[in-house]
Amino acid sequence: MSSNKLQFRVQPGGSLSGRLRVPGDKSISHRSIMLGSLADGVTHVSGFLEGEDSLATLRVFQAMGVKIDGPSDGEVTINGVGVDGLKAPTAPLDLGNSGTAMRLMCGLLAGQGFDTTLVGDSSLTKRPMRRVTDPLAAMNAVIDTSEGGTAPLHIRPTTTLCGIDYTMPVASAQVKSCVLLAGLYAEGETCVTEPAPTRDHTERMLQGFGYPVTRNGNRVCIRGGGRLRACDIDVPADISSAAFFLVGASIATGSDLLLEHVGMNPTRDGVINILRLMGAVIGVLDPRDVRGEPVADLHVRSAPLKGIRIPEDQVPLAIDEFPVLFVAAACAEGETVLTGAEELRVKESDRIQVMADGLQVLGVDARPTADGIVIQGGAIGSGRVDSHGDHRIAMAFTIAGLRAGGEIVIEDCENVNTSFPRFVELASGVGSRVSLTGD
Ligand code: S3P
């Protein structure tokens, strides 16, 4: 276990109250830079996530000649260069820790007339990329990966991409979005069929930029060769970041918290559905539409939770929220069973194993399975857990502190900045007893 990296120290107990707006949605922030850069005209973004992942995307477009001002207080101005206006970068494009950026960029760059190399950090370099390079190869893209199908990815120029009718083997919004972005540059129609609904921000935002998208059940299609028209984007607060506080306020007795302006896209709201099945009390206030994305304020109060069998149809709709949902399960009465979630093993860390290991350190009966986990609710103890550099694991164990019997020390927390800058400050502002140490 590392000792010289950033640690969180969480003193036990506390409750969460007050109001809080968590940072902007990561998925929407990435896409705002990508589509804004490819649009004709000037796109203004507000509520942009100033986290390392979306900043990596912003920098790679600057490296390809796009003039982008900001972010400053979540405001970004993108001077779009048009679908054919990107310039060859002079160095490899570094996407840091971001799987979303790498997979979406792979599709977008497959149709350019220049070479690019995509690199990332040690976690990203282990993540599977054939899930995107295989369908892109079927569209005539030429992309080299390492022998194991991982980054660095070397994307070579091709004369023309051809449209594809692709049925995805896994329910992945990243794969769907990658193929659709390549489809902007392909001849004819590109269609993707998904085995289960996944987040649809790419489709919604393409339409917001005036690009026609057709959806028929679980099949979505676009036709190449069109143009994008600049527009304004208001990025809602990220439900995946709000999730830590939904769980925290549910498990910490005496909590009463309002989460403001949270993105409530129905392809993302699994965490609310699952927590409600467990007995959580979450009110959805003032539901509204903000430039094509549903938004609401969420009012959550503490409530006794019970263990459940998590419905498999909720898994893609809550895919990033499982680390903290496992903490909810540890605080619930009875057993919680998750199945159908093997994708969790290929996220920023193996989230099934890493969460099971950490929960066991804290004395929780958590048994990993091939595609999920079985957790018996009970007492949370104290101890030192390793986040393995995974932002959501670090934040999940911070929330566990609200119900712990003693101090929890969490190792390797730098990457919390990828999705949730100022997490420690905002969490302690509403009652978490977390602090930062450098060791
Ligand atoms: C994302 C899709 C999800 C999610 C990731 C963001 C996106 O990945 O885990 O954090 O923005 O498209 P998969 O689609 O691969 O499950």
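These numbers come from a predicted model, not from an experiment. Counting of residues starts from 1 at the beginning of each chain's written sequence and follows it residue by residue. Two thresholds apply to this predicted model, a pLDDT of at least 70 for residue-level local features and 80 or more for giving and counting side-chain atom pairs, whereas whole-chain, interface and lining totals are computed over all residues. Side-chain measures here rest on the full set of heavy atoms in the structure, leaving out hydrogens and waters.

Asker: I'd like a rundown of the environment of His-391, residues and numbers included.
Answerer: The way it works is that DSSP assigns letters per residue, a run of H or I at least four long becomes a helix, a run of E at least two long becomes a strand, and they are numbered from the N terminus. Relative to the assigned elements, His-391 resides in helix H11 (residues 391–400). In the structure, His-391 is positioned 109 residues away from Ile-282 in sequence and 25 Å away in space, judged by C-alpha atoms. Whether two residues are in contact is decided by their heavy atoms, any of which lying within 4.5 Å being enough. Contacts of His-391, omitting those with residues within four sequence positions, involve Lys-26, Glu-348, Arg-351, Asn-415, Val-416, Thr-418 and Ser-419. Whenever two N or O atoms come within 3.5 Å, that pair is a polar contact, provided that in protein one can donate a hydrogen and the other can accept it, and provided that, for residues adjacent in sequence, both atoms are side-chain atoms. A distance of 3.4 Å separates a polar atom in the side chain of His-391 from a polar atom in the side chain of Thr-418.

Asker: Talk me through the state of the cysteines; I want residue IDs and the actual numbers.
Answerer: Put simply, a disulfide is two cysteine sulfurs that come within 2.5 Å. Under the defined criterion, the tally for this structure stands at one disulfide. Put simply, Cys-191 and Cys-221 are joined by a disulfide, and their sulfur atoms are 2.2 Å apart. Taking the torsion about the S-S bond as the criterion, the Cys-191 to Cys-221 disulfide, at about 110°, is right-handed. Taken together, the residues Cys-191 in strand E13 (residues 189–193) and Cys-221 in strand E15 (residues 219–223) connect sequence positions 30 residues apart. With respect to burial, Cys-191 and Cys-221 carry one shared label: buried. Not engaged in a disulfide, the cysteine Cys-331 finds its nearest cysteine sulfur in Cys-413; these two sulfurs lie 19 Å apart. With a 1.4 Å probe rolled over the protein chains alone, any residue whose accessible area is under 20% of its type maximum counts as buried; one over 50% counts as exposed, and the rest are partly exposed.

Asker: So what's going on with the sheet that holds strand E1 (residues 7–10)? Which residues, and what values?
Answerer: The sheet built from four strands is open, its strands ordered E23-E24-E1-E25 with mixed pairing. Among the strands making up the open sheet, the edge pair consists of strand E23 (383–386) and strand E25 (434–437). Within the sheet, the average angular offset between the axes of one strand and its neighbour, ignoring direction, is 25°. Judged from the three bridges that link them, E1 and strand E24 (residues 408–411) form a sheet pairing that is antiparallel. When the sheet's bridge partners are listed, Phe-8 is paired in E24 with Ile-410. Angles here are taken between N-to-C directions and fall from 0 to 180 degrees, while the axes themselves are lines fitted to C-alpha atoms, restricted in helices to the stretch in contact. The strands touched by H11 are E1, E23, E24 and E25; relative to E24, the strand with the most contacts, the crossing angle is about 175°. Note on pairing: DSSP must find at least two bridges between two strands before they are called paired.

Asker: Please provide a residue-by-residue account of the packing of aromatic side chains, values included.
Answerer: Any Phe, Tyr or Trp ring, taking Trp's six-membered ring, that has another such ring centre within 6.5 Å forms a pair; planes under 30 degrees apart are called stacked, those over 60 apart edge-to-face, and the others tilted. Following the criterion strictly, the structure yields six aromatic pairs and no others. Between Phe-244 and Phe-423, the aromatic rings sit 6.4 Å apart at their centres with planes inclined by 70°, giving edge-to-face as the arrangement. With Phe-244 in helix H7 (residues 239–251) and Phe-423 in helix H13 (residues 423–429), this residue pair connects regions lying 179 residues apart in the sequence. Aromatic ring contacts, followed pair by pair, group Phe-8, Phe-244, Phe-245, Phe-420 and Phe-423 into a single cluster.

Asker: Provide a residue-level description of helix H8 (residues 270–277), including the pertinent values.
Answerer: All of the buried residues in H8 are Gly-270, Val-271, Ile-272, Ile-274 and Leu-275. Contacts made by the buried residues of H8 are with H7, strand E18 (281–290), strand E19 (293–301) and helix H9 (322–330). Looking one or two residues beyond H8, the residue adopting positive phi is Gly-279, at roughly 110°.

Asker: Any chance you could break down unusual backbone geometry for me, citing the residues and the numbers?
Answerer: Of note, the bond from Gly-70 into Pro-71 is cis; its omega dihedral lies within 30 degrees of zero at 5°. Mapped onto the elements, Pro-71 comes out in strand E4 (residues 67–72). Residue Pro-152 is reached from Ala-151 by a cis peptide bond, and omega for that bond is 0°. By the element assignment, Pro-152 lies in the loop between strand E8 (142–144) and strand E9 (153–156). One non-glycine residue, His-388, lies in the positive phi region at around 55°.

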